[in-house]
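# What the coordinates show
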Amino acid sequence: MTVSTYSQSACAADQWYTGSLVSPSGPLSKQGMFLLEPYMYYSVPSGMIGPHNNNVPMSSPRQQSVTSFTIYRYALTDYLSIQTTPAISYRWKHGDTTSSGLKIGDVPVDLMWRYLTADPKRFIPTLNLITGVSFPTGDYSHLGRSQDGVGSGVYTYRATLTEQSTYTMPNNHELRLRLWATFRRALNSAHLRDVTSYGTTRGFRGHGQPGMYGEAGFSLEYGITQRWVFAIDVARDWANGTRLKGHYASGLKVDELSSGSGDWQVAPALEYNWTPNYGVIAGVSVYYAGHNTSRIVSPQFAFNALY
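Residues numbered from 1 in each chain as written. Predicted model: local features only at pLDDT ≥ 70, side-chain atom pairs only at ≥ 80, totals over all residues. Heavy atoms only, no water.

### Digging into the nonpolar core
Soluble globular proteins tend to bury their nonpolar side chains together. This is how the line gets drawn: What is meant by a nonpolar core is a set of buried Ala, Val, Leu, Ile, Met, Phe, Trp, Tyr and Cys residues, joined one to another through side-chain atoms within 4.5 Å. Buried, partly exposed and exposed residues are distinguished by accessible area as a fraction of the type maximum, computed with a 1.4 Å probe on protein chains only: under 20%, between the cut-offs, and over 50%, respectively. What counts as a helix is a DSSP run of H or I of at least four residues, what counts as a strand is a run of E of at least two, and both are numbered from the N terminus. In what follows, residue pairs with any heavy atoms lying within 4.5 Å of each other are defined as contacts.
Counting 15 residues, the largest nonpolar core has Leu-21, Val-22, Leu-28, Leu-35, Tyr-39 and Ile-281 as its most contacted members. When residues of this core are traced back to their parent elements, those giving at least two are strand E1 (34-49), strand E3 (63-75), strand E17 (261-275) and strand E19 (293-306). Ignoring sequence-local partners within four residues, the contact set of Leu-28 consists of Met-33, Phe-34, Leu-35, Arg-73, Ala-75, Thr-77, Asp-78, Ser-81, Arg-114 and Leu-306.

Okay, here's the thing in structure tokens:
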């Protein structure tokens, strides 16, 4: 989520946005601009979803976490920006372990290119391409506690296509639409030892590699007033299975590919913007359907500042 400086109608210039909870946005509109967006969310599973969208009893304590990440975005040109979003989290399970402290995850760095700018008269939307790499900075192997596993141990290629358009509704209320699709692919395998983020335990030696994964969705933001905006996202996440290969000290060999997973989420939120460049958003993301995944409720909050 981030503020956008492009709109699809002339009247949309009077509407202020922060950005929806889930949808990615594009590059900034003027060279030298800088975006800062601290973001925090609490994630708690409310159940498990089986392979056929069926309810499955949870066999272990619920994995809960509090995560804070900040979007840093700088406009290299009027059409090209660079962005990074480092995240810090704390994880725990009731009656089980916690992480040993605040843990930083893998850090992505992306280039964002706006290759088509909106033309309201011709009903042409803004189109963006975002591409980059996530660096394996998070702990993932030879862990002291299982909750410390916040990284993948691999370099991951990232690509995203986004569309944005804004339309004037009756009584001069603005409606902004975003569409997006993301794709992620690991570029190497992770060397694993003992307790890892791949679910292995003490005595393991081997390799692991996450499967391809991504997301597609749309968001709507409706201007109630110039300052107040109602936003909602609907998104579909998907992930192929993870490859794990190695052996334990006992001699047990492991060579497996886990099942793929997927989920649907909806994220209603309310935005308040006291200037065109400063705003806040608060809402909740609910993962309500899918397969081989958790049902999750995740309250979220963010502050947006554009300089």
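### What about the pairing of strand E13 (residues 213-223)?
Heads up, the condition is: A pair of strands is labelled paired if DSSP reports no fewer than 2 bridges between them.
In the sheet, strand E10 (residues 174-186) pairs with E13 via 10 bridges, with the strands oriented antiparallel. Considered in E13, the bridge of Trp-180 is made with Gly-217. The pairing of E13 with strand E14 (residues 228-239) spans 11 bridges and is antiparallel. Paired with Gly-214 across the bridge in E14 is Trp-238. From the end of E13 to the start of E14, which pair antiparallel, there are four residues.

### Structural notes on unusual backbone geometry
In this model, Asn-53 sits at a positive phi of 60°, which is unusual for a non-glycine residue. Summarising the element assignment, Asn-53 is placed in the loop between E1 and strand E2 (55-56). Here the phi dihedral of Asp-194 falls at roughly 60°; this positive angle occurs in a residue that is not glycine. When you line up the elements, Asp-194 lands in the loop between strand E11 (190-193) and strand E12 (204-209).

### Topic: the sheet that holds E12
Under the convention used in this document: Lines fitted to the C-alpha atoms define the axes, with helices restricted to the stretch that makes contact. Angles between their N-to-C directions range from 0 to 180 degrees.
In space, the four strands of this open sheet follow the order E11-E12-E15-E16, with antiparallel pairing throughout. Two strands in the sheet have a free side with no partner beyond their single neighbour: E11 and strand E16 (253-257). Averaged over all adjacent pairs, the angle separating strand axes in this sheet is 15°, with direction ignored. Pairing between E12 and strand E15 (residues 243-248): six bridges, direction antiparallel. The residue bridging Gly-206 from the neighbouring strand is Gly-246, located in E15.

### What to know about the pattern of salt bridges
Threshold: Salt bridge, as used here: a side-chain nitrogen of Lys or Arg that lies within 4 Å of a carboxyl oxygen of Asp or Glu.
This structure, assessed with the given rule, holds six salt bridges. With a shortest N-O distance of 2.6 Å, Asp-139 and Lys-103 are connected by a salt bridge. Highlighted residues: Asp-139 in the loop between strand E8 (126-135) and strand E9 (156-168) and Lys-103 in strand E6 (residues 103-104), separated in sequence by 36 residues. With a shortest N-O distance of 3.0 Å, Arg-158 and Asp-110 are connected by a salt bridge. Here Arg-158, found in strand E9, pairs with Asp-110, found in strand E7 (residues 107-116); they are 48 residues apart in sequence, far enough to count as distant. Take Arg-158 and Asp-110: they sit in the same class, and that class is buried. One salt-bridge network, held together by shared partners, links Arg-193, Asp-194 and Arg-205.

### Considerations on a nonpolar patch on the surface
The test is simple: Patches here are clusters of residues that have more than 30% relative accessible area and form no salt bridge, with a 9 Å joining cutoff for like charges and a 5 Å cutoff for nonpolar side chains (Val, Leu, Ile, Met, Phe, Trp, Tyr). Exposure was quantified through the Shrake-Rupley algorithm and a 1.4 Å probe, taking into account, for residues, occlusion by the shown protein chains and nothing else.
Judged by side-chain polarity, Tyr-74, Leu-76, Ile-82, Val-109, Leu-111, Phe-135, Tyr-155, Tyr-157 and Leu-187 come together as a nonpolar surface patch covering roughly 750 Å² of accessible area. In this fold, Leu-111 is placed in strand E7. Using a relative accessible area of 39% as the deciding quantity, one classes Leu-111 as partly exposed.

### Details of the confidence of the model for the protein chain
Where we set the bar: Per-residue confidence from the prediction method is given by pLDDT, with values spanning 0 to 100.
The share of residues in the protein chain with pLDDT of 70 or more is 95%, and the mean pLDDT across the chain is 93. Across residues 2-12 the pLDDT falls below 50, and counting only partners more than four positions away or on other chains, this stretch makes 49 contacts in the model.

### Quick notes on the pairing of E3
Examined bridge by bridge, E1 and E3 share 10 bridges and lie antiparallel to one another. Residue pairing across strands places Phe-34 opposite Tyr-74, the latter belonging to E3. Bridging between E3 and strand E5 (residues 87-93) involves seven bridges; their strand directions are antiparallel. Paired with Phe-69 across the two strands is Ala-87, which belongs to E5. Here four bridges tie E3 to strand E4 (residues 80-84), and the two strands are oriented antiparallel to one another. Its bridge partner being in E4, Tyr-72 is matched across the sheet by Thr-84. Connecting E3 to the next strand, E4, in antiparallel fashion are four residues.

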